[in-house]
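Inside the fold
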Amino acid sequence: MFHPKLLITIAVSIKGVAKTLAAGAMSYYSGTPDKFVDLPEPHYWWQAGALMGSMLDYSHYTGDHTYDRLIARGLLDQVGPDFDYMLPSHFGQEGNDDQAFWGFAVMSAAERNFPQPDPNVPSWLQLGQNLWNSLASRWNTTHCGGGLLWQIFASNPNGLDYKNTVSNGGFFQISARLARATGNTTYLEWAERVWDWTEAVGMIDKDGNVYDGAHARNNCTDTNPVTFSYSAAIYMYGCAVLADHTGDAKWADRAERILQAARSFFSPFPNATNIMYEHACETVGTCTADMRSFKGYFSRWAYASALFLPQLRPIIEELWYPTVLAAAQSCTGGESGTQCGQKWYVGGFDGVTGLGEEMCALETVQGLLADKAPLPLKGDEIKVVREFAS
């Protein structure tokens, strides 16, 4: 049974539920409008970029600008000396996928004319382009005929032998978004190259399943068959953006194929049909702090994909609508009575709480407002805005 407070609120206002969930997510962040602060352990630096992306969605979809200055400061303080989100203080843990998550956020800021109040830092769009140049410089043809390695630095040696779909999917999606935002064919050519490479080495199969990665030392012939929801969604949204940008039906077909394959992330348990779950870890209790946030990005990019491809909307309604109710039902724990749990298919709060759980619920609920928000901007529509909304 739904918690009375949330049941009433969800019936009256999705924005009200999102506001409660946004406050829950931001309770884990102690930064101010004047200074970025790292998230507490066990959260890595990339997850702060992911949080900024979630909160950019919150601001855009709800029109509540409470957190805008915090978001802007978080993005601006992490640009690094070359304005590309390569931050020396985090080199020990920064991988290509980590950098990409800051890229997702900064591209959202650019595509929405989110205020950039610091004239000493390039525009959001230029930051996205700088970040893209950094990723492109690491395209690795030594093994597997191309692809990005998971990690960048020798301090993470295991990841220097692994090419994963999150890093390459991040590069693909950012390429697609820059192609649409700027009209520059170089970005489109790279998006094509990354997709073709990922498919050629078998990390995306004919049915649209997106696998985790493969080892460079084996020339990417040992595909790891594990699948995660966010990996699929990263590629799906890139395809949806390119479908809009190019008008080529192949991109729409690819997005639809990935979404159909992603049905595997909705539980088949009795009394819990079509409820989202991270099947690689939730049922066996092995979800890391990272994995506990993946469903949020899955929702983020599924809703965003449907903006460009209305044919995806029936699947969103079939799968995400019952998931939203289950997510809300899980957010009934803790002293506040609104802390969110991890396993949405159990019919209530499961006692597992954290930033990941809050972000997952937030993105899943607030995404219901996506189709009422303006589409991502492009071309001359993208401008530098210095002032925050009142």
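Here goes a summary of the coordinates provided. (Residues numbered from 1 in each chain as written. Predicted model: local features only at pLDDT ≥ 70, side-chain atom pairs only at ≥ 80, totals over all residues. Heavy atoms only, no water.)

A few points about the nonpolar core
Formally: Only buried Ala, Val, Leu, Ile, Met, Phe, Trp, Tyr and Cys residues count toward a nonpolar core, and they belong to the same one when joined by side-chain atoms within 4.5 Å. When accessible area is computed with a 1.4 Å probe and restricted to protein chains, residues below 20% of their type maximum are described as buried, those above 50% as exposed, and intermediate ones as partly exposed. Numbering of helices and strands runs from the N terminus; a helix is a DSSP stretch of H or I covering at least four residues, while a strand is a stretch of E covering at least two. Residue contacts are defined here by distance: any two heavy atoms, one from each residue, within 4.5 Å place the two residues in contact.
By size, the foremost hydrophobic cluster in this structure holds 128 residues, and its most contacted members are Leu75, Trp124 and Trp320. Here this core takes twelve residues from helix H9 (residues 229–246), the largest share from any one element. Discounting chain neighbours no more than four positions away, the residues touching Leu75 are Met52, Leu56, Tyr85, Trp102, Ala105, Ala109 and Trp124.

Side note on the packing of aromatic side chains
Worth spelling out the cut-off: Put simply, two rings from Phe, Tyr or Trp (the six-membered ring, in Trp's case) pair if the centres are within 6.5 Å, and we call them stacked under 30 degrees between planes, edge-to-face over 60, tilted for the rest. Consider the ring centre and the ring normal. A charge sits over the ring if Lys NZ or Arg CZ is within 6 Å of that centre and within 35 degrees of that normal.
Considering all chains together, one arrives at 40 aromatic pairs under this definition. Residues Tyr29 and Phe36 carry aromatic rings whose centres are separated by 5.9 Å and whose planes lie at 45 degrees to one another, so their mutual orientation is tilted. The residues Tyr29 and Phe36 share a single accessibility class, namely buried. Between Tyr277 and Tyr345 the ring centres are 5.8 Å apart and the planes differ by 80 degrees, which places this aromatic pair in the edge-to-face class. Of the two residues, Tyr277 sits in the loop between strand S4 (272–276) and helix H11 (294–308) while Tyr345 sits in the loop between helix H12 (313–330) and helix H13 (355–366), which places them 68 residues apart along the sequence. Take Tyr277 and Tyr345: they sit in the same class, and that class is buried. Put simply, the rings of Trp46, Phe101, Phe104, Phe228, Tyr230, Phe294, Tyr297 and Trp301 touch in pairs and so form one group of aromatic residues. In this structure, Arg193 packs its charged tip against the face of Trp190, placed 4.3 Å from the ring centre. Taking the ring centre of Trp251 as reference, the NZ or CZ of Arg254 above it sits at 4.6 Å.

What about the pattern of salt bridges?
Cut-off, in case you're wondering: Basic side-chain nitrogens of Lys or Arg form a salt bridge, by our definition, when they fall within 4 Å of a carboxyl oxygen of Asp or Glu.
One pass over the structure, following the stated rule, counts 14 salt bridges. Between Asp57 and Arg300 there is a salt bridge, and its shortest N-O distance comes to 3.7 Å. Taken as a pair, Asp57 in helix H3 (residues 45–62) and Arg300 in helix H11 lie far apart in primary sequence, 243 residues in all. With respect to class, Asp57 is no different from Arg300; both count as buried. Where Lys250 meets Glu192, a salt bridge forms, and the shortest distance between an N and an O atom there is 3.1 Å. Separated by 58 residues along the polypeptide, Lys250 in helix H10 (residues 249–261) and Glu192 in helix H8 (residues 185–200) bring together distant segments of the chain. Assessed through its relative accessible area of 27%, Lys250 is described here as partly exposed. For Glu192, a relative accessible area of 22% gives the class partly exposed.

So, H11
Formally: By definition here, a helix of n residues has an expected span of 1.5 Å times n minus one.
Over its 15 residues, H11 extends 22 Å from the first C-alpha to the last, a length consistent with the 21 Å expected when each residue adds 1.5 Å. Of all 15 residues making up H11, 14 are buried, and the element is well covered by its neighbours.

So, the environment of Glu387
Position of Glu387 among the secondary structure elements: in the segment after H13. Using a relative accessible area of 63% as the deciding quantity, one classes Glu387 as exposed. Residues Glu387 and Gln311, spaced 76 residues apart in sequence, show a C-alpha to C-alpha distance of 37 Å.

Describing the state of the cysteines
Using the following cut-off: For the purposes of this analysis, a disulfide is any pair of cysteine sulfur atoms at a distance within 2.5 Å.
Per the counting criterion, the structure on display carries three disulfides. Here Cys144 pairs with Cys220 through a disulfide, and the sulfurs are 2.1 Å apart. Where Cys144 bonds to Cys220 through sulfur, the torsion about that S-S bond is close to 85 degrees, and the disulfide is right-handed. With Cys144 in the loop between helix H6 (124–136) and strand S1 (162–164) and Cys220 in the loop between strand S2 (213–215) and H9, this residue pair connects regions lying 76 residues apart in the sequence. Accessibility classification places Cys144 together with Cys220 in one group, the buried group. Sequence-ordered numbering of the disulfide-bonded cysteines in the protein chain gives the connectivity 1-2, 3-4, 5-6. Between Cys239, a free cysteine, and Cys220, which holds the nearest cysteine sulfur, the sulfur-to-sulfur gap is 20 Å. Overall, the relative accessible area of 0% leaves Cys239 in the buried class. A disulfide-free cysteine, Cys360 has its sulfur positioned 9.2 Å from the sulfur of Cys340, the nearest such atom. Classification of Cys360 by relative accessible area gives buried; the value is 1%.

Some words on helix H4 (residues 68–76)
Along H4, eight of the nine residues are buried, which leaves the element largely enclosed by surrounding structure. If you check which residues of H4 are buried, you get Asp68, Leu70, Ile71, Ala72, Arg73, Gly74, Leu75 and Leu76.

So, the pairing of S4
Cut-off, in case you're wondering: When DSSP finds at least two bridges between two strands, those strands are taken to pair.
Summarising burial for S4: four of the five residues are buried, a large majority. Here strand S3 (residues 266–269) folds back onto S4, and the loop between the two strands holds two residues, one of which, Asn271, carries a positive phi near 65 degrees.

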